[in-house]
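Topology and contacts: notes
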Amino acid sequence: MTQKTQQSSDHSSVLAAYEAVKARIQAACLAANRAPDEVHLLAVSKTRPSQAVAELAKLGQRAFGENYVSEGVEKATALASLQLEWHFIGPIQSNKTRAIAETFDWVHSVDRPKVIGRLNDQRPSDAPPLNVLIQVNMDDETQKAGCRPDDIPALAEAIDQCPHLTLRGLMAIPQPRTDRQAQLDVFQSLAAHYQQLAKAHPTVDTLSAGMSDDLEAAIFAGANLVRIGTALFGPRSKA
Ligand SMILES: *Cc1c(COP(=O)(O)O)cnc(C)c1O
């Protein structure tokens, strides 16, 4: 990877990448016996300029994901007139919850009670409830974001108590696995936690899993929101 692609590419290559990703999602749905419109595409625009977001929006993409609060706020503000849907997908620092609650429509990375209380308190009361996913750490990586699977029920209860938050489901970022069966195993285990959660909480309808390298396995296991950066925008110079 020697080439930097922080500059936005020309229009035809953006279109080609967008069509290719949508075709991969369609093919994965077909292989899994699922309806293609069940699976939503979140375009992960971290490190990409606002102009790249605007180009993809022009092609019809509405939902964009950001990992860094200030960068996301900047783009959401610059592109406010496009009325896009913004998802925060990065690790949450407690001192950044206000900006998240004020700017984003969705948060995928809620993993502890303190953050739940702060997001609820800081969500502007004239805004619709913030859509919340609980991030699950499927690999028992203690230093990484995400709760343990055992903690899901208590966090879900806490979110349900919050009038300014709506519990929508689960998100996970499993460690990269090159073996397709290993990818499937971890996503199926995640999907089992998701099914259990959905049974107990009627607002739950979203399983956020799958990235550029493993979206097929995630869709096969039941993901209905895939988060795609590289396959849409090219390689990042910085993750
Ligand atoms: C960067 C990132 C993605 C996108 O990953 P790609 O491999 O570039 O598709 C998805 N989800 C999260 C949480 C990310 O940080």
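Please refer to the structure higher up on the page.
So, a few notes on the structure that sits alongside this text. Model, not experiment: these values are computed from the prediction.

Some remarks on the layout of surface pockets
The calculated volume of the largest pocket comes to roughly 840 Å³. Taken together, 33 residues make up the lining of the largest pocket; nearest its centre are Lys 46, Ile 173, Pro 174, Met 211 and Arg 236. For the lining of the largest pocket, the residue count by class is 14 nonpolar, ten polar and nine charged. Reported here for the second largest pocket is a volume of approximately 300 Å³. Elements with a minimum of two residues in the lining of the second largest pocket: strand 1 (40–44) and strand 3 (85–88). Tallying contributions element by element places strand 1 first for the lining of the second largest pocket, with three residues. Here the lining of the second largest pocket is built from residues that sort into six nonpolar, six polar and five charged.

With respect to the pattern of salt bridges
Evaluated as defined, the whole model comprises eleven salt bridges. The shortest N-O distance in the salt bridge between Arg 24 and Glu 216 comes to 2.8 Å. One end of the pair, Arg 24, is in helix 1 (residues 11–31); the other, Glu 216, is in helix 8 (residues 215–221), and 192 residues separate them in sequence. With its nearest N and O atoms 2.5 Å apart, the salt bridge here joins Asp 139 to Arg 177. One end of the pair, Asp 139, is in the loop between strand 5 (130–135) and helix 6 (152–160); the other, Arg 177, is in the loop between strand 6 (165–171) and helix 7 (180–200), with 38 residues separating them in the sequence. We classify Asp 139 as buried; its relative accessible area is 16%.

Rules behind the numbers
- Residues numbered from 1 in each chain as written.
- Predicted model: local features only at pLDDT ≥ 70, side-chain atom pairs only at ≥ 80, totals over all residues.
- Heavy atoms only, no water.
- 1 Å grid on protein atoms, 1.4 Å probe; cavity = no way out; pocket = protein on both sides within 12 Å on 5 of 7 lines; lining within 4 Å.
- Points joined across faces, edges and corners; volume = space filled by probe spheres on them.
- Nonpolar A, V, L, I, M, F, W, Y, C, P; charged D, E, K, R; others polar.
- Helix = DSSP H or I, 4+ residues; strand = E, 2+ residues; numbered from the N terminus.
- Salt bridge = Lys/Arg side-chain N within 4 Å of Asp/Glu carboxyl O.
- Buried < 20%, exposed > 50% of the residue type's maximum accessible area, 1.4 Å probe, protein only.

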